[in-house]
Amino acid sequence: MFKALLLEESGKETKASVQRLNENQLTNGDVLVKVDYSSLNYKDAMAITGKGKIVRQWPMVPGIDFAGTVLASDNPAHSIGDEVILTGWGVGEKYWGGMAEKACVKGEWLVPLPGTMSAKRAMAIGTAGLTAMLAVTALEEAGIKPDQGPILVTGATGGVGSIAVRLLAKAGFDVHAETGRRQHCDWLRELGASEVIDRAEFDKEPAALESQRWAGAIDAVGGRTLARILSQTQMNGAVAACGLAGGVSLNTTVMPFILRGVKLLGIDSVYVSKEKRISAWQRLQTSLPLDFEEQSEVYTLDQSITAAHDLLNGQLKGRVLIQP
Ligand code: NDP
């Protein structure tokens, strides 16, 4: 038996409770992992609260990421005792996820914990950090360099945003952070932002082209915010779109693309190739402060339900770990 957070469909509501489940209910893969840490992501919060259509099979154990140790393996690439990370691949949506003492997944979905990284540090980084790193790399591959001007990060106090601010600052970029929570201004500056901009400035219908402000941007918000960023991006700049915290629509014009050569880069962490995951994790290992994991809150499975509501109500900042 093992302990897990279980989501059940009850009418149109989602019911979340901690339960003891039987190991033979874990049938998704060929590698059984003892979960040391999972993390609370925006998607997990939507699944647990039932606020978004995340869960594709009921009942569901949420948790789109986890880090832990292999307990049993029928996959030749993994042996008992290996330390591994799982992010994405529909885990926590279609397949039982990381908010449990144990998880069973396909071996090809796992990546090794890089170097001396602990499971706690891996999940303090988690899907949010992987996504932020993929976005930073995408901007660099699009030719954006630190001397070209400021990079805007939106949803900056969130998981993806706060790690993106740190990674960009570490890579030498001038980072401007957009937030709806001005009370965290000082914290954002500590992470490396040189300017903090109020969310209200972006939540307006943009003109087709506005004054050129950003060499690039990492956007976790979408909606009108993304449309406005595009209209303010400099000639030949690039915008990495990775989130929808402010909305899924994108009402823009072709003007930024055809008159300024702006590139819109889509970031997907769920099905990104194993090769890109491994190189992102290697860079993440050395790009964040040594005590990074100690700056995250750690919650139990029981506390994760309240934490999920708090995350969607904008009452958490940075990263939240779940220790089953
Ligand atoms: P968090 O909840 O930690 O952060 C989201 C942040 O967005 C909040 O902290 C807040 O920042 C801002 N925000 C929230 N609501 C609104 C709103 N209505 N309008 C404008 N800004 C808002 O979530 P994550 O960092 O885990 O995820 C961020 C986004 O990225 C989500 O949409 C998530 O689904 C997506 N994502 C995508 C991935 C991919 O593979 N493409 C992977 C991981 C996440 P502030 O208070 O500073 O304004």
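It should be noted that the structure appears before, not after, this text.
Residues numbered from 1 in each chain as written. Predicted model: local features only at pLDDT ≥ 70, side-chain atom pairs only at ≥ 80, totals over all residues. Heavy atoms only, no water.

Trainee: Looking at this model, I keep getting lost on the pattern of salt bridges. Mind explaining?
Mentor: Pairing between side chains of opposite charge can happen when their charged atoms approach one another. For the coordinates displayed, the defined rule picks out eleven salt bridges. Residue Asp36 pairs with Lys34 through a salt bridge whose shortest N-O separation is 2.5 Å. Residue Lys34 is classed as partly exposed on the basis of its relative accessible area, which comes to 38%. A salt bridge links Arg56 to Glu93; the nearest nitrogen and oxygen atoms lie 2.8 Å apart. Of this pair, Arg56 sits in the loop between helix H1 (42–49) and strand S4 (65–73) while Glu93 sits in the loop between strand S5 (83–87) and strand S6 (102–105); the two residues are 37 residues apart in sequence, bridging distant segments of the chain. (Salt bridge = Lys/Arg side-chain N within 4 Å of Asp/Glu carboxyl O. Buried < 20%, exposed > 50% of the residue type's maximum accessible area, 1.4 Å probe, protein only. Helix = DSSP H or I, 4+ residues; strand = E, 2+ residues; numbered from the N terminus.)

Trainee: It is not clear to me how the site of the ligand should be interpreted in this structure. Could you clarify?
Mentor: Around the ligand, 24 residues are found, and the nearest of them are Val160, Thr179, Gly180, Ile267 and Ser269. Contacts to the ligand include Val160, whose backbone N or O atom sits 2.8 Å from an oxygen atom. Relative to its free-state accessible area of 920 Å², the ligand is covered by the protein chains to the extent of 84%. Broken down by secondary-structure element, the contributors of at least two residues to the shell around the ligand are helix H2 (119–141) and helix H3 (159–170). (Near = heavy atom within 4 Å. Polar contact = N/O pair within 3.5 Å; in protein donor to acceptor, adjacent residues only side chain to side chain. Areas by Shrake-Rupley, 256 points an atom, 1.4 Å probe, with all protein chains shown as cover.)

Trainee: Explain the sheet that holds strand S11 (residues 214–219) here, please?
Mentor: Strand pairing within a sheet occurs via backbone hydrogen bonds; the two strands may be parallel or antiparallel. Taken in spatial order, the six strands line up as S10-S9-S8-S11-S12-S13 in an open sheet, and their pairing is parallel. Each end of this open sheet is capped by a strand with a single partner; those strands are strand S10 (193–198) and strand S13 (263–266). Each strand of the sheet is rotated relative to its neighbour by a mean of 20°, with strand direction disregarded. Bridge analysis of strand S9 (residues 175–179) against S10 gives five bridges, and the strand direction is parallel. Bridge assignment links His176 to a residue of S10, and that residue is Glu195. This element, H3, spans strand S8 (151–153), S9, S10 and S11 of the sheet and lies at about 160° to S8. Most of the contacts of helix H5 (residues 223–232) go to strand S12 (residues 233–241), to which it runs at about 155°, and overall it touches S8, S11, S12 and S13. (Pairing = 2+ DSSP bridges. Axes fitted to C-alpha atoms, helices over the stretch in contact; angles between N-to-C directions. Contact = heavy atoms within 4.5 Å.)

Trainee: Help me out: how do you make sense of the nonpolar core in this one?
Mentor: In terms of nonpolar packing, the biggest core is built from 54 residues, with Ile218 and Trp281 touching the most fellow members. For this core, the element with the highest residue contribution is H2, accounting for 14 residues. Here this core spans two domains, since at least three of its residues come from each of domain 1 (2–113 + 291–322) and domain 2 (126–266). If near-sequence neighbours (up to four positions away) are discounted, Ile218 is found in contact with Ala132, Ala135, Val136, Leu139, Leu152, Val153, Thr154, Ala164, Leu168, Ala240 and Cys242. Membership of the second largest hydrophobic core comes to 29 residues, among which are Leu7, Ala307, Ala308 and Leu311. (Core = buried A, V, L, I, M, F, W, Y, C linked by side-chain atoms within 4.5 Å. Domains from an automatic or database assignment.)

Trainee: Sorry if this is basic, but what is going on with the packing of H1 against helix H8 (residues 301–312) here?
Mentor: In a packed pair of helices, the relevant descriptors are the angle between the two axes and the axis-to-axis distance. Contact pair H1 / H8: the axes reach a minimum separation of 9 Å and the direction vectors enclose 115°. Classified by the angle between their axes, H1 and H8 sit roughly perpendicular to one another. With respect to the hand of their crossing, H1 and H8 are arranged in left-handed fashion. Of the residues in H8, those in contact with Tyr42, Ala45, Met46, Ile48 and Thr49 of H1 are Ser304, Ile305, Ala308, His309, Leu311 and Leu312. Of the residues contributing to the contact of H1 with H8, the split by class is eight nonpolar, three polar and no charged. (Parallel < 35°, antiparallel > 145°, perpendicular 65-115°, else oblique. Left-handed = near helix turned anticlockwise from the far one by under 90°. Nonpolar A, V, L, I, M, F, W, Y, C, P; charged D, E, K, R; others polar.)

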